[in-house]
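# Structural overview for review
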Amino acid sequence: MFQRFKGAVRISPGFILLLFWFAAGNGWGLLGTILLAAAVHEAGHCLMLRLCGGECTGLRIGVLGAVLETGSARLPYGRELLVVLAGPGANCLMAAGMRAFDMGSVGAMGANLVLALFNLLPIYPLDGGRALYLCTAWAAGPAAGAWAVRWIGGSFAVSLCAAALCLMAVTQGSLWLLPPAVGAAAAAVRCLRGYEEETFPSGGFL
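Residues numbered from 1 in each chain as written. Predicted model: local features only at pLDDT ≥ 70, side-chain atom pairs only at ≥ 80, totals over all residues. Heavy atoms only, no water.

This brings us to the overall build of the chain. Looking only at helices and strands, one finds 8 helices and 4 strands in the chain. For the chain, the N- to C-terminal ordering of α and β elements is α-β-α-α-β-β-α-α-α-α-α-β. In the chain, which comprises 206 residues, the proportion classed as buried is 43%. In the chain, once contacts between residues fewer than 6 apart in sequence are set aside, the share between residues at least 24 apart is 69%. (Helix = DSSP H or I, 4+ residues; strand = E, 2+ residues; numbered from the N terminus. Buried < 20%, exposed > 50% of the residue type's maximum accessible area, 1.4 Å probe, protein only. Contact = heavy atoms within 4.5 Å.)

And the structure:
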């Protein structure tokens, strides 16, 4: 499994440039902390996917986030919901373990918690947006799920984009708020285009 998955990892040049830009302004230590939290997040998705009978076939990492590619077989709504929530859940468990056993730094715990909470926002393609679709579709059908993604997720995405832009204005143009603003705008467009079944978005705007 790991050899197959490792061979299918694709990282965009833009993401590499973003990493160097972040490290130049914030240091390699903080970058490593964030990347470790992201690795825990993806491992949670992959492990639960395997436990639920699915298959990880690849991982695409770009400027706006990570997309976990899966096999063609669809999981039942309940199992897919477990897979979706396993990423944020893994981050929460990691933070709780650090706290319980007095391991890791406050920054590491915070990175895991922030990543978990951010990905639970009901915005597609974040985990929360996919969970919104699955819960609604499970209860009222796929059409209702698509409606929820389009209008509820789209509204949250537009609000997040507006908040990031306002905060940029207040902080006199902090460039680190630009990627979230662009990511939120892209998510708003995706929400309005509708829910896509062929890939498994995981992770936030990186």
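Picking up after the structure, the text goes on.
A few words on unusual backbone geometry. Residue Tyr124 is joined to Pro125 through a cis peptide bond whose omega torsion reads 20 degrees. Within the element layout of this structure, Pro125 appears in the loop between helix H5 (106-119) and helix H6 (127-140). We note that Asp102 has phi near 55 degrees; this positive angle belongs to a residue other than glycine. With respect to the helices and strands, Asp102 occurs in the loop between helix H4 (77-100) and H5. Classification of Asp102 as exposed rests on a relative accessible area of 71%.

A few words now on the pairing of strand S3 (residues 65-70). Most of S3 is tucked away, with 5 of its 6 residues classed as buried. As paired elements, strand S2 (residues 56-62) and S3 share 6 bridges and run antiparallel to each other. Residue pairing in the sheet places Arg60 in a bridge with Val67 of S3. (Pairing = 2+ DSSP bridges.)

With that settled, consider H5. End to end, H5 covers 20 Å across 14 residues, agreeing with the expected 20 Å (1.5 Å per residue, within 8%). Residues of H5 that are buried: Ala108, Met109, Ala111, Asn112, Leu115, Ala116 and Asn119. End-on, the buried residues of H5 take up no more than an arc of 160 degrees, which puts them together on one face. H5 presents Val106, Val114 and Leu117 as exposed residues on the side facing more than 90 degrees away from its buried surface. Structurally, H5 contributes buried residues whose contacts are with helix H3 (28-51), H4 and H6. (Expected span 1.5 Å × (residues − 1). Arc of directions from axis to C-beta.)

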